[in-house]
Amino acid sequence: MVKQLLRGWKVVPLWLKVAPMIVLLAGLPLLQAYLEHHRPDLVPLMRHAYYLPLFMASVLFGLRGGLLCALAISFNFFEDVVGQRSVDLTQRLYMAAGVGVYFLVGGVTGFLVDREKREAQRLKHMQEMAALGQAAAALAHEMKTPLIAIGGFAQQIYRTLEDDHPHRAKLKIIVDQVAHMEQLMREVLDYARPMQLRLERAYLREVVEEARSLASLFAEQSGVSLELELPPQPVEALIDKGRLRQVLLNLMQNAIQASPRGARVIVSTAREGDFGLITVGDQGCGIAAEDLARIFNPFFTTKRQGTGLGLAVAQKIVQAHGGGIESRSAPGQGSSFTVRLPLAGPAEPTAPAA
């Protein structure tokens, strides 16, 4: 019943909602003037009626509407507070306090309404993203099998062709693009599926060195120096080595791509209380402030060939460990990403160690 009433209220035209508020704001001062001359005993009671348009303005227009309506109401008491009427000081203070209450009620009500609207919009956005993720996961699952078949047969044909065959270059493009689509499908499924970890005690430096060995060829081809700064005292944590290696490989590749030739990408580990830290820093052009707030959003990317899911998947993996990723960047000063992991593992382990 309540939901039906709310739906009906949403379809009511705005002017029809505003009209009663305007009528009250215009009629209540006239009623107040009449009662002051004929029934002054009812004036204090009548002043409470100003809360009706005040609540209506706050509900319709939020904080701004509530404060503007309170300002309009306060004009009716201007002469009583600072005017020339023969009113004693106590009465003036009483009227000023009443005006202050109007502003307080309008401000608080409008603030709560605005917050509720923002929360409703956020919830709606999350529901839309969840529906989009489910649709993308289903699509990726259906496309994975034919893509594997296309890529496998294309690679077989490519290997059998002579180097000077006229279609060899075109077939290489097909193989590369299918591999790119397969990578996209894997990232979509990784992001959409529930994260399951296979936890074990391991040193962070081991995972960092494994990820560096995987990214070293790409760094060499890009002309970037990939360097490690590891403390003499190793940092041990309860982690999923494979998943964490996936996170670090993604961060290293991003740092290498963002760095000019001859630059350095530095990967370091440290311990901070009960947390282990892994930082990947580059000497690239940095990330714009408006993009820095969105880099972990799924499908957001500034790369021409990027999928926009690498950092989103990395953040999901780290959060499954009970940690988080902190990003810092400034245009022209490079970027750094710090993975913060609890040494004791997540509060609720998702799966036992293999």
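An account of the accompanying structure is given in this report. Computed from a prediction, not measured in an experiment: that's the story for all the values here. (Residues numbered from 1 in each chain as written. Predicted model: local features only at pLDDT ≥ 70, side-chain atom pairs only at ≥ 80, totals over all residues. Heavy atoms only, no water.)

### Observations regarding the overall build of the chain
Right, so step 1: Along the backbone of the chain there are 11 helices and 7 strands.
Right, so step 2: Residues counted as buried form 35% of the 354 residues belonging to the chain.
Right, so step 3: Contacts in the chain between residues at least 24 apart in sequence constitute 71% of all its contacts with a sequence separation of at least 6.
Right, so step 4: Total accessible area on the chain is roughly 21400 Å²; 61% of this is exposed by carbon and sulfur atoms. (Helix = DSSP H or I, 4+ residues; strand = E, 2+ residues; numbered from the N terminus. Buried < 20%, exposed > 50% of the residue type's maximum accessible area, 1.4 Å probe, protein only. Contact = heavy atoms within 4.5 Å. Areas by Shrake-Rupley, 256 points an atom, 1.4 Å probe, with all protein chains shown as cover.)

### Examining the nonpolar core
Right, so step 1: Ranked by size, the top nonpolar core spans 50 residues in total, and within it Leu244 and Val339 carry the most contacts.
Right, so step 2: The element contributing the most residues to this core is helix α9 (residues 241-258), with 8 residues.
Right, so step 3: In this structure, this core is formed jointly by two domains, domain 1 (1-194) and domain 2 (200-342), each of which donates at least three residues. (Core = buried A, V, L, I, M, F, W, Y, C linked by side-chain atoms within 4.5 Å. Domains from an automatic or database assignment.)

### Digging into a nonpolar patch on the surface
Right, so step 1: The grouping of Leu63, Leu67, Leu104, Val108, Phe111 and Leu112 at the surface amounts to a nonpolar patch, some 490 Å² of accessible area in total.
Right, so step 2: Per-element accounting of the nonpolar patch gives the leading share, 4 residues, to helix α6 (residues 89-160).
Right, so step 3: By secondary structure assignment, the location of Leu112 is in helix α6.
Right, so step 4: Judged by its relative accessible area of 40%, Leu112 is partly exposed. (Patch = residues over 30% accessible without salt bridge, like charges linked within 9 Å, V, L, I, M, F, W, Y side chains within 5 Å. Salt bridge = Lys/Arg side-chain N within 4 Å of Asp/Glu carboxyl O.)

### Concerning the packing of aromatic side chains
Right, so step 1: Tallied over the entire structure, the rule returns 3 aromatic pairs.
Right, so step 2: Ring plane angle 50° and centroid distance 5.1 Å describe the contact between Tyr51 and Tyr102, whose orientation is recorded as tilted. Of the two residues, Tyr51 sits in helix α4 (residues 51-74) while Tyr102 sits in helix α6, which places them 51 residues apart along the sequence.
Right, so step 3: Residue Tyr102 is classed as buried on the basis of its relative accessible area, which comes to 5%. (Phe/Tyr/Trp six-rings, centres within 6.5 Å; stacked < 30°, edge-to-face > 60°.)

### Overview of the pattern of salt bridges
Right, so step 1: Tallied over the full model, the rule gives 10 salt bridges.
Right, so step 2: A salt bridge links Glu119 to Arg122; its shortest N-O distance comes to 2.5 Å. With Glu119 and Arg122 both in helix α6 and 3 residues apart, the pair spans about one turn of that helix.
Right, so step 3: What makes Glu119 partly exposed here is its relative accessible area of 38%.
Right, so step 4: With a closest N to O distance of 3.7 Å, Glu206 and Lys241 form a salt bridge. Residue Glu206 is found in helix α8 (residues 204-222), and its partner Lys241 is found in helix α9; the two are separated by 35 residues along the sequence.
Right, so step 5: According to the relative accessible area criterion, Glu206 is partly exposed, its value standing at 31%.
Right, so step 6: The structure contains a network of salt bridges with shared partners spanning Glu206, Glu210, Lys241 and Arg245.

### Here we look at α9
Each α-helix turn comprises 3.6 residues. Residues three or four places apart therefore point the same way.
Right, so step 1: Taking 1.5 Å as the rise per residue, α9 with 18 residues should run 26 Å; its terminal C-alpha atoms sit 26 Å apart, in good agreement.
Right, so step 2: For α9, the complete set of buried residues consists of Lys241, Leu244, Val247, Leu248, Leu249, Asn250, Leu251, Met252, Asn254, Ala255 and Ile256.
Right, so step 3: Of the residues flanking the start of α9, the one acting as N-cap is Asp240, its side-chain oxygen 3.2 Å from the backbone nitrogen of Gly242. (Expected span 1.5 Å × (residues − 1). Polar contact = N/O pair within 3.5 Å; in protein donor to acceptor, adjacent residues only side chain to side chain.)

### Some remarks on helix α11 (residues 310-320)
Right, so step 1: By the criterion of burial, α11 is predominantly enclosed, with 9 of the 11 residues buried.
Right, so step 2: Of all the residues in α11, the buried ones are Gly310, Leu311, Ala312, Val313, Ala314, Lys316, Ile317, Val318 and Ala320.
Right, so step 3: Positioned one or two residues after α11, Gly322 has a phi angle of 90°, which is positive.

### So, the environment of Tyr50
Right, so step 1: Residue position: Tyr50 is located in the loop between α3 (43-47) and α4.
Right, so step 2: For Tyr50 and Leu24, which are 26 residues apart along the polypeptide, the C-alpha to C-alpha distance reads 7.9 Å.
Right, so step 3: The residues touching Tyr50, leaving out its near neighbours within four places in the chain, are Leu28, Pro29, Gln32, Ile73, Asn76, Phe77 and Tyr102.

### Comments concerning the sheet that holds strand β2 (residues 225-229)
Right, so step 1: As summarised here, the arrangement of the 5 strands in space is β2-β4-β5-β7-β6, forming an open sheet in which the pairing is mixed. Both outer strands of the open sheet, β2 and β6 (324-329), are each paired with one neighbouring strand and no more. Each adjacent strand pair in this sheet contributes to an overall mean axis angle of 15°, direction not counted.
Right, so step 2: Taken together, the 5 bridges between β2 and strand β4 (residues 264-272) define a ladder with parallel strand orientation. Paired with Ser225 across the bridge in β4 is Arg264.
Right, so step 3: Sitting on the sheet, α8 is in contact with β2, β4, β5 (275-281) and β7 (335-342), with an inclination near 170° to β2. (Pairing = 2+ DSSP bridges. Axes fitted to C-alpha atoms, helices over the stretch in contact; angles between N-to-C directions.)

### A closer look at the side chain of Thr109
Right, so step 1: Relative to the helices and strands, Thr109 is located in helix α6.
Right, so step 2: With near-sequence residues (within four places) excluded, Thr109 lies in contact with Phe55 and Ser58.

### Structural notes on the pairing of β7
Right, so step 1: Where burial is concerned, most of β7 is hidden: 7 out of the 8 residues are buried.
Right, so step 2: Sheet topology note: the β5/β7 ladder contains 7 bridges and is antiparallel. The residue of β7 that forms the bridge with Leu277 is Arg340.
Right, so step 3: Linking two consecutive strands that pair antiparallel, namely β6 and β7, is a turn of 5 residues; a positive phi of about 85° is found at Gly332 within it.

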